Amino acid sequence: MPTNIATWSPPVNSVVGDALLVAKKDLTIEFRTRSAFLSVVVFALLGIVIFFFAWDSTAVSAADLAPGVLWVIFTFSGLLGLHRSFGVEHQEGAIDGLLASPISREAIFLGKAGANLVFVVAVQAIAIPAVSLFYNLPLGGIALPLAGIAFLAAIGLVAVGTLFSAMAANTRLSELLLPMLSLPFFVPIVIPAAQATAKLLSGRPVVDAVAWLKLLLAFDIVFVAACMLAYPFTLEE
Amino acid sequence: MKPTPLSIVAALAVVVTYVRAIFFTPTEAIQGPAQKIFYVHAPAAWVAFLAFGLVGLASVLYLWLRDDRLDRIAEASAEVGLIFTTVVLITGPLWGRPIWGTYWTWDARLTLTLFLWFIFVAYMVLRGAIEDRDMRARYCAVLGILGALLVPFIHLSVYLFRTLHPKPILLKPDTPSLPPEMLTTVLLAFGAFTLLYAALLRARYRFAVERDSAHRPDSHHA
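Quick caveat: nothing in here was measured; it's all calculated off a predicted structure.

Undergrad: Would you mind showing me how to read the overall build of chain A here?
TA: Helix and strand content of chain A: nine helices and zero strands. Reading chain A from its N terminus to its C terminus gives the helix and strand order α-α-α-α-α-α-α-α-α. In summary, chain A has a C-alpha radius of gyration of 19 Å against a globular reference of 18 Å for 237 residues, a match within 12%. The principal-axis extents of the C-alpha atoms in chain A amount to approximately 60 × 35 × 30 Å. Per-residue burial for chain A yields a buried fraction of 46% across its 237 residues. Taking as baseline every contact in chain A between residues at least 6 positions apart, the subset at least 24 positions apart corresponds to 82%.

Undergrad: Would you mind showing me how to read unusual backbone geometry here?
TA: The phi angle of most residues is negative, glycine excepted, and most peptide bonds adopt the trans form. With phi around 55°, Asn136 of chain A is a residue other than glycine that occupies positive phi space. By the element assignment, Asn136 of chain A lies in the loop between α6 (105–134) and α7 (143–168). Taking the number of C-beta atoms within 10 Å as the measure of exposure, Asn136 of chain A has 9 and is therefore exposed. With a phi close to 55°, Arg66 of chain B is a non-glycine residue in the positive phi region. The exposure class of Arg66 of chain B is partly exposed, given the 14 C-beta atoms found within 10 Å.

Undergrad: How should the confidence of the model for chain B be read in this particular structure?
TA: For residues with low pLDDT, the predicted coordinates do not support detailed interpretation. Chain-level statistics for chain B give a pLDDT mean of 87 and a share of 89% at 70 or above. Among the scores for the predicted complex, ipTM is 0.86 and pTM is 0.86.

Undergrad: What exactly am I supposed to notice about the interface of chain B and chain A here?
TA: Interface size is commonly expressed as the accessible surface area that is lost when the partners come together. Residue-level contacts link 25 residues of chain B with 22 residues of chain A. For the side of chain B that touches chain A, the secondary structure elements donating two or more residues are α4 (108–128) and α5 (133–161) of chain B. For the side of chain B that touches chain A, the leading source of residues is α5 of chain B, giving 16 residues. Looking at the side of chain B that touches chain A, its residues break down into 23 nonpolar, one polar and one charged.

Undergrad: Is there a simple way to explain helix α8 (residues 174–201) of chain A in this structure?
TA: Helical periodicity: at 3.6 residues per turn, an α-helix aligns residues three or four positions apart in one direction. At Phe186 of chain A, α8 of chain A is deflected by roughly 40°, the largest bend along its length, and proline Pro188 of chain A occurs up to four residues later in sequence. Counting buried positions along α8 of chain A gives 23 out of 28 residues, so the element sits mostly inside the fold.

Undergrad: It is not clear to me how the packing of helix α4 (residues 62–90) of chain A against α8 of chain A should be interpreted in this structure. Could you clarify?
TA: Two quantities define a packed helix pair, namely the angle between the helix axes and the distance between the axes. Residues and elements named next belong to chain A. With their axes 9 Å apart at the nearest point, α4 and α8 run at an angle of 150° to one another. By the angle class used here, α4 and α8 are roughly antiparallel. The element α4 and its partner α8 pack so that their crossing is right-handed. Across from Ala63, Ala66, Pro67, Gly68, Leu70, Trp71, Thr75, Leu79, Leu82 and His83 in α4, the residues of α8 making contact are Glu175, Leu178, Pro179, Ser182, Phe186, Val190, Ala193, Ala194, Thr197, Ala198 and Leu201. Partitioning the contact of α4 with α8 into residue classes produces 15 nonpolar, five polar and one charged.

Undergrad: Explain the packing of α8 of chain A against α4 of chain B here, please?
TA: As a packed pair, α8 of chain A and α4 of chain B sit with axes 10 Å apart at the nearest point and diverge in direction by 155°. When the interaxial angle is binned, α8 of chain A and α4 of chain B end up roughly antiparallel. The handedness of the crossing between α8 of chain A and α4 of chain B is left-handed. The segment α8 of chain A lies against α4 of chain B, with Leu177, Met180, Leu181, Pro184 and Val187 of chain A engaging Phe115, Phe118, Ile119, Ala122, Val125 and Leu126 of chain B.

Undergrad: Before we go on, may I ask you to explain the environment of Phe207 of chain B in this structure?
TA: Inspection of the secondary structure assignment puts Phe207 of chain B in helix α6 (residues 180–215). Measuring from C-alpha to C-alpha, the distance between Phe207 of chain B and Val14 of chain B comes to 23 Å, with 193 residues separating the pair along the chain.

Undergrad: Hey, could you run me through helix α1 (residues 5–23) of chain B in this one?
TA: All names here are of chain B. For α1, which comprises 19 residues, the first-to-last C-alpha distance of 27 Å matches the rise-based estimate of 27 Å (1.5 Å per residue) to within 8%. By the burial criterion, the buried members of α1 are Ala10, Val14, Thr17 and Ala21. For α1, the angular spread of buried residues about the axis comes to 70°, placing them on one side. Pointing more than 90 degrees away from the buried face of α1 are the exposed residues Pro5, Ile8, Leu12, Val15, Val16, Val19 and Phe23. Those residues of α1 that are buried are in contact with α2 (38–65) and α6.

Each value, and the rule that gives it
- Residues numbered from 1 in each chain as written.
- Chains lettered and ligands numbered in written order.
- Predicted model: local features only at pLDDT ≥ 70, side-chain atom pairs only at ≥ 80, totals over all residues.
- Helix = DSSP H or I, 4+ residues; strand = E, 2+ residues; numbered from the N terminus.
- Rg over C-alpha atoms; globule rule 2.2 N^0.38 Å.
- Buried ≥ 20, exposed ≤ 12 C-beta atoms within 10 Å, placed from the backbone.
- Contact = placed C-beta atoms within 7 Å.
- pLDDT = per-residue confidence, 0-100.
- Nonpolar A, V, L, I, M, F, W, Y, C, P; charged D, E, K, R; others polar.
- Bend = angle between axes of the 7 residues up to and from the residue.
- Axes fitted to C-alpha atoms, helices over the stretch in contact; angles between N-to-C directions.
- Parallel < 35°, antiparallel > 145°, perpendicular 65-115°, else oblique.
- Left-handed = near helix turned anticlockwise from the far one by under 90°.
- Expected span 1.5 Å × (residues − 1).
- Arc of directions from axis to C-beta.

Structure follows, in structure tokens:
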């Protein structure tokens, strides 16, 4: 894994360029093994199926249920993927190679988070059509705004989740600690995202969801910045 | 641990407050005796948020100054804050059942307090999950700061979601809408709980100092 970093000479030491390199490394590992992505997609599909059987379709309409299904599934499948993010770095001490490379800590964080963002968005790209299909909800004109909400929410989920994944990977209770740390932070993402999704699915115009989208955007800005600044403090000094 | 002057004063203040609250403060006309729990609930909520604020402040200062004392303050404040948050979450539903007709409702401030409790618990679990002292201090400081950033977002999102909680009675622009006898008792309760918090914080801090010096017999300064 560290070979492409070791052989790479930094011509311009830009944070974005370095971050892209780290993201590319993570995505290459994921693309070659596909282990996490396939299991998370199957997990998301199983979640959609189980929700279907817990659902009384005569009492609750599909449009009322779908936002809950989507956001519960994104939250938990996101956690599964995020846990892997720093888990792989701790196998065979790969993290040491990463930290020894001439890349700033902020760039490492942005790269890891960028790869996780691609991962979560890819899961969403399968789960949203799957919910539309299984719950017989034609998305039609709302597909694009829905994708926008999902993307805004994914940024926040990934920023917080990547930082906590880095922290949890160093502790004794990593697989338990990540959800404990992350889920309270996911609440101000899931509430606006699910509310905005519900507005769109009930046929309201996008304007009605703008207040929620502003909240999501504010969360993204504050927590991407805060998590990036906090990340260097979670490393050995 | 020997009682300190602070802990004695705090205990006395709590006793005086509740003797006054139960025997010398008029019973509220509509809510009846159930309203008395307000003298525990509101000051406990104040201390819960105060404790949380101190964790955030000590966390920022720790990452800046790297002083172990700041880490111990954050640790002590989080643990004491968790107790007070638990008190808020127990007394609230006890009052809610007779007055609102339900133990729990997803009101903005209830939800916020519940999440405060979750963050405090996660903070304590994180502390217990790391052996290395410097790493534990740094990780907990990061969580303390992010938690402090999170509170306004949870507040805003659950407030937009729905709210049912009584509007602020004490801290509002015009004069407080409480009868003077009740107001005195409430202010006393806030003072007593703040003293109690300070006393518990100090005791918990002393405990952390002794534990750390016991773990490192080679160093004599705490």
